[in-house]
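The residues making up each chain are set out below.
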2 protein chains.
Amino acid sequence: MTKLWTTKLSLPVLLFLSACAAPEPPATETAPPPEAAAPTAEWAIAIHGGAGVISRDVDEEWKQAHRDALSEALTLGKDMLDEGAEGLDVVEQVIRVLEDSPLFNAGKGSVFTHDGKNELDAAIMDGRDLNCGAISGVTRVKNPISLARLVMTESRHVFFVREGAERFAEEMGVEKVDPEYYFVQRRWDALQKALDKEKQEEAEKHGTVGCVVLDRAGNLAAGTSTGGMTNKRFGRVGDVPVIGAGTYANNATVAVSCTGWGEKFIRNNVAHDVSARIEYKGLGVRQAAEEVIHGKLDEGDGGLIAVGAGGEIAMVFNSSGMFRGAADSNGRFEVGIWQDDDE
Amino acid sequence: MTKLWTTKLSLPVLLFLSACAAPEPPATETAPPPEAAAPTAEWAIAIHGGAGVISRDVDEEWKQAHRDALSEALTLGKDMLDEGAEGLDVVEQVIRVLEDSPLFNAGKGSVFTHDGKNELDAAIMDGRDLNCGAISGVTRVKNPISLARLVMTESRHVFFVREGAERFAEEMGVEKVDPEYYFVQRRWDALQKALDKEKQEEAEKHGTVGCVVLDRAGNLAAGTSTGGMTNKRFGRVGDVPVIGAGTYANNATVAVSCTGWGEKFIRNNVAHDVSARIEYKGLGVRQAAEEVIHGKLDEGDGGLIAVGAGGEIAMVFNSSGMFRGAADSNGRFEVGIWQDDDE
């Protein structure tokens, strides 16, 4: 953080500092860049439950159910991190909670494909060594994020798809479910609407869950899990399992998890681009995230959560809403849905 | 080019230029960076046929066969570009030639999976708008690069896998082949060796074909096609169809196609990282490619071909060999296999 702050000071400000060196830190009116003002943290976590058109015209019970589910996952992650857990363990366990909820488009609550099936994708990445694991199109795995982690740790490869990924899951002995486990009436109705070519809520079309973490050991980790896109066909793969598009972690820079219109995130290599802007342009985490989400993507495409090596958290989206939460070692703990929610 | 050259001049050189402004351009002894010395071109093309351990201890006939196949593909691309063809058409047609050859690990010459099948991956990307198409795990498509292009142009998605991709191919009416079409004795023998856990030639394990192009209209395009990795399992996906890992094109920066150990290329987002170093660090194409191949990857991982917006060509690899070729509007035309071949 210090280095970034220093390199971003303009020459007049530097001269001012030299001339007026005093025991007091400069007043905030001297306008340091936003990333310099962010407190560093010993650990930090951000989660998301999908971005899209999220109508405010919903009943209080619906809102509270989503806030409660985000809080439950965030609390688990916060407690684990506070006790010194490894970032990858936190990412996996937090995402499992979100996958087990019927509210989000991942695991239990996954949307239906054109053929009326549920095909799940997930990815996880370790910022220490850029190791990663990804799966696409599994139909019987209860917690895809755990399978992605096994791809990372138990195979020489990083990306398995469909029947092959199922066979790998079988060999690993991960928990399986009957495909009916994923049946959620609301998701089924969304497919019927899509098949009828009625207008469909963006939030029902996309949606994803994700978690990014800085742990006490200074390691970054990221994970993302999704049921994909309602009415998808042809074994469509979105950005989630595409490392560098929807998921990325690198201790030197940032951990990122994205949510939104997957194709746009693939074309723009969103997650890796945030990292590259930090590494090569010297930007702070928030500025890098904002440049990509607001500068390269189009309004409504989605958003991302990011945690930097110093514990800076950014939750940036260009859609009307993004289910999200953030906590850190400085006592921050909050969940939000729309742009103007507390963050 | 001019901009890059200027920003890379050190202060003393700038002062020298100011003091000694003369009608003659500065002599090359003032050591401009290598990328500034590269001639710009109206069109440029580079191709590869895979990187790896390529023994020099092979007979002249084998070498000549590979050089001839590379020359044939390169000549087609050169002629098309000279006549003003669109970059994407060149990439597709050149890669089709390489796919139809039994010599390279793509199309006809694809390696065998653990189960004795041939599962093909390909990707293509349009530098004008970052549109792209990718497929993985098709078993009956004669020319996967053409299917990837149809994914890009005829669907709202960018990435289809396995049976889904086959169904899409069916709907598009692309040329199909019987799986036996891909039988090449040498590839079959390689699988048997791998199954016997004998040491296997790296060149037999990986290998890929690719093409990057700058066309007369100033557009960049990239494509890559592969049979994957001998003895692969679990529906393994490598870097080729992962946009930003094995394939990337952006008119603002560069077109890149990679070949080598796919997992390493995914973890390091190699193709997009070359672009990011050009865009954010202001590097030339060659320097950006060298930083990634020699600075981030390990010896033996593989290589890449790249063409920049000014027609600069880089063909960089850290393995003992890479089948490759390059041509441009300034009359360059060459093919090579090992590090010290003419380039």
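None of the values given here were measured: they were computed from a predicted structure.

Even after reading the chapter, I still don't get the overall build of chain A, so can you show me in this structure?
A count of helical and extended segments in chain A gives 12 helices and 12 strands. Counting the 343 residues in chain A, one finds 60% classified as buried. Excluding contacts between residues fewer than 6 apart, the proportion of contacts in chain A whose partners are at least 24 apart in sequence is 67%. About 12800 Å² of surface is accessible on chain A, with carbon and sulfur atoms providing 50% of the total.

Before we go on, may I ask you to explain the state of the cysteines in this structure?
Formally, a disulfide is one covalent bond, and it connects the sulfur atom of one cysteine to the sulfur atom of another. Counted by the stated rule, this structure contains 0 disulfides over all chains. Left without a disulfide partner, Cys132(A) is nearest to the cysteine sulfur of Cys258(A), which lies 15 Å away.

Which parts of the structure should I look at to understand the sheet that holds strand S6 (residues 220-226) of chain B?
Either a parallel or an antiparallel arrangement is found when strands of a sheet pair, and the pairing is made through backbone hydrogen bonds. All names here are of chain B. Strand order across the open sheet formed by 8 strands is S4-S3-S2-S6-S5-S1-S11-S12, with mixed pairing between neighbours. Of all strands in the sheet, those bounded by a partner on one side alone are strand S4 (159-161) and strand S12 (333-338). On average, each strand axis in the sheet is tilted by 5° relative to the strand beside it, whichever way the strands run. Note: strand S3 (residues 131-138) against S4, 3 bridges, orientation parallel. The partner of Ala 134 across the bridge, within S4, is Phe 159.

In this structure, what is going on with the pairing of strand S1 (residues 44-52) of chain A? I would like to understand it.
Looking along a regular strand, one sees the side chains alternate between the two faces of the sheet. Residues and elements named next belong to chain A. With 9 of 9 residues buried, S1 lies mostly within the body of the structure. Here S1 pairs with strand S11 (residues 321-328) via 7 bridges, running antiparallel. Across the sheet, His 48 pairs through a bridge with Arg 324, a residue of S11. Pairing between S1 and strand S5 (residues 209-214): 5 bridges, direction antiparallel. Residue His 48 lies in a different strand from S5, and its bridge partner there is Gly 210.

Where do I start with helix H5 (residues 87-100) of chain A in this structure?
In an α-helix there are 3.6 residues to a turn, and that puts residues three or four apart on one side. Residue and element names in this part refer to chain A. Counted at 1.5 Å a residue, the expected span for H5 with its 14 residues is 20 Å, and the 20 Å between its end C-alpha atoms agrees. Looking only at H5, the buried set comprises Gly 87, Leu 88, Val 90, Val 91, Glu 92, Val 94, Ile 95, Leu 98 and Glu 99. Contacts made by the buried residues of H5 are with S1, helix H4 (60-82), strand S2 (120-126), helix H6 (144-154), S5 and strand S6 (220-226).

Honestly, the relation of the copies chain B and chain A in this entry has me stumped. Any pointers?
Each copy of the chain is related to the other by a rotation around an axis and a translation along that axis. When chain B is fitted to chain A, the residual RMSD is 0.0 Å, and the transformation amounts to a turn of 180° plus an axial shift of 0.0 Å. Viewed as a symmetry operation, the transformation between the two copies matches a two-fold axis. Scanning chain B for the C-alpha nearest the rotation axis identifies Tyr280(B), at a separation of 2.8 Å. Comparing interface residues between copies, 100% of those in chain B also lie at the interface in chain A; the contact surface is shared.

What exactly am I supposed to notice about the interface of chain B and chain A here?
In many reports, interface size means the accessible area that the parts give up when they come together. Across the contact, 40 residues belong to chain B and 40 residues belong to chain A. In this structure, the connection of chain B to chain A is made through 6 salt bridges. Its salt-bridge partner being Glu163(A), residue Arg162(B) comes within 3.8 Å of it at the nearest N-O pair. Along the contact surface separating chain B from chain A lie 17 residue pairs in polar contact (both at pLDDT 80 or more). At the level of elements, S3, S4, helix H7 (162-172), helix H10 (262-267) and helix H11 (270-281) of chain B are the ones that each hand at least two residues to the side of chain B that touches chain A. For the side of chain B that touches chain A, the leading source of residues is H7(B), giving 7 residues. When grouped by side-chain class, the residues that make up the side of chain B that touches chain A number 19 nonpolar, 8 polar and 13 charged.

For this particular structure, what's the right way to read the pattern of salt bridges?
Opposite charge on two side chains makes pairing possible when the charged atoms of those side chains draw close. Residues and elements named next belong to chain A. Evaluation of the coordinates by the stated rule reveals 48 salt bridges over all chains. Glu 42 is the partner of Arg 216 in a salt bridge, and the nearest nitrogen-oxygen pair spans 2.6 Å. Of the two residues, Arg 216 sits in the loop between S5 and S6 while Glu 42 sits in the loop between helix H3 (34-37) and S1, which places them 174 residues apart along the sequence. For Arg 216, a relative accessible area of 37% corresponds to the partly exposed category. Of the charged contacts in the structure, one is a salt bridge between Arg 236 and Glu 263, with a shortest N-O distance of 2.9 Å. Of this pair, Arg 236 sits in the loop between S6 and strand S7 (247-250) while Glu 263 sits in helix H10 (residues 262-267); the two residues are 27 residues apart in sequence, bridging distant segments of the chain. Side by side, Arg 236 and Glu 263 carry an identical accessibility label, which is buried. Three or more residues are tied together by salt bridges with common partners; here these are Glu 86, Asp 89, Glu 92, Asp 126, Arg 128 and Arg 149.

Before we go on, may I ask you to explain the packing of helix H4 (residues 60-82) of chain B against helix H5 (residues 87-100) of chain B in this structure?
Two measures define how a pair of helices packs: the angle their axes make with one another and the distance between the axes. All names here are of chain B. Across the interface, H4 lies against H5 with an axial gap of 9 Å and an inter-helix angle of 160°. Classed by the angle they form, the pair H4 and H5 counts as roughly antiparallel. Of the two possible hands of crossing, H4 and H5 adopt the one that is right-handed. Across the interface between the two elements, Ala 69, Glu 72, Ala 73, Leu 76, Gly 77, Met 80 and Leu 81 of H4 pack against Asp 89, Val 90, Gln 93, Val 94, Val 97 and Leu 98 of H5. Partitioning the contact of H4 with H5 into residue classes produces 9 nonpolar, 2 polar and 2 charged.

Which parts of the structure should I look at to understand the environment of Leu98(B)?
Residues and elements named next belong to chain B. On the secondary structure map, Leu 98 appears in helix H5. Leu 98 gets classed as buried once you look at its relative accessible area, which sits at 0%. C-alpha of Leu 98 to C-alpha of Val 209: the two residues are 111 residues apart in sequence and 6.7 Å apart in space. With residues up to four places along the chain from it excluded, the contact list for Leu 98 reads His 48, Ala 69, Ala 73, Phe 104, Ala 106, Val 209 and Gly 210.

How should the sheet that holds S11(A) be read in this particular structure?
Residues and elements named next belong to chain A. Pairing is mixed across the open sheet formed by 8 strands, whose spatial order is S4-S3-S2-S6-S5-S1-S11-S12. If you trace the sheet from one side to the other, it starts and ends with strand S4 (159-161) and strand S12 (333-338), each paired once. Neighbour-to-neighbour, the strand axes of this sheet turn through a mean angle of 5°, independent of strand direction. Strand direction decides the pairing type here: S2 and S6, joined by 6 bridges, are antiparallel. Note that in S6 the partner of Met 125 across the bridge is Ala 222.

Just checking my understanding: could you explain the packing of aromatic side chains for this structure?
Two numbers describe a pair of aromatic rings. These are the distance of the centres and the angle of the planes. All names here are of chain A. This model, assessed by the stated rule, comprises 19 aromatic pairs over all chains. When the centroid spacing of 6.0 Å and the interplanar angle of 70° are considered together, the rings of Phe 104 and Phe 323 count as edge-to-face. You can see Phe 104 sitting in the loop between H5 and S2 and its partner Phe 323 sitting in strand S11, a full 219 residues away along the chain. The same class applies to Phe 104 and to Phe 323, which are both buried. Clustering of aromatic rings is evident, with ring pairs tying together Trp 62, Phe 104 and Phe 323. A cation over a ring is seen here: Lys 108 above Tyr 181, with NZ or CZ 5.0 Å from the ring centre.

Would you mind showing me how to read the confidence of the model for chain A here?
Here chain A averages 86 in pLDDT, and 85% of its residues register 70 or above. This prediction of the complex comes with two scores: 0.86 for pTM and 0.84 for ipTM.

Where do I start with the nonpolar core in this structure?
Core analysis: the largest hydrophobic core is formed by 98 residues, its most contacted members being Phe159(A), Leu304(A), Phe159(B) and Leu304(B). Ignoring any residue separated from it by four or fewer positions in sequence, one finds Leu304(A) in contact with Val256(A), Ser257(A), Cys258(A), Val270(A), Val274(A), Ala289(A), Ile293(A), Ala314(A), Met315(A), Val316(A) and Met322(A).

So, how was this worked out
Residues numbered from 1 in each chain as written. Chains lettered and ligands numbered in written order. Predicted model: local features only at pLDDT ≥ 70, side-chain atom pairs only at ≥ 80, totals over all residues. Heavy atoms only, no water. Helix = DSSP H or I, 4+ residues; strand = E, 2+ residues; numbered from the N terminus. Buried < 20%, exposed > 50% of the residue type's maximum accessible area, 1.4 Å probe, protein only. Contact = heavy atoms within 4.5 Å. Areas by Shrake-Rupley, 256 points an atom, 1.4 Å probe, with all protein chains shown as cover. Disulfide = S-S within 2.5 Å. Pairing = 2+ DSSP bridges. Axes fitted to C-alpha atoms, helices over the stretch in contact; angles between N-to-C directions. Expected span 1.5 Å × (residues − 1). Least-squares fit on C-alpha atoms with pLDDT ≥ 70 in both. Salt bridge = Lys/Arg side-chain N within 4 Å of Asp/Glu carboxyl O. Polar contact = N/O pair within 3.5 Å; in protein donor to acceptor, adjacent residues only side chain to side chain. Nonpolar A, V, L, I, M, F, W, Y, C, P; charged D, E, K, R; others polar. Parallel < 35°, antiparallel > 145°, perpendicular 65-115°, else oblique. Left-handed = near helix turned anticlockwise from the far one by under 90°. Phe/Tyr/Trp six-rings, centres within 6.5 Å; stacked < 30°, edge-to-face > 60°. Lys NZ or Arg CZ within 6 Å of the ring centre and 35° of its normal. pLDDT = per-residue confidence, 0-100. Core = buried A, V, L, I, M, F, W, Y, C linked by side-chain atoms within 4.5 Å.

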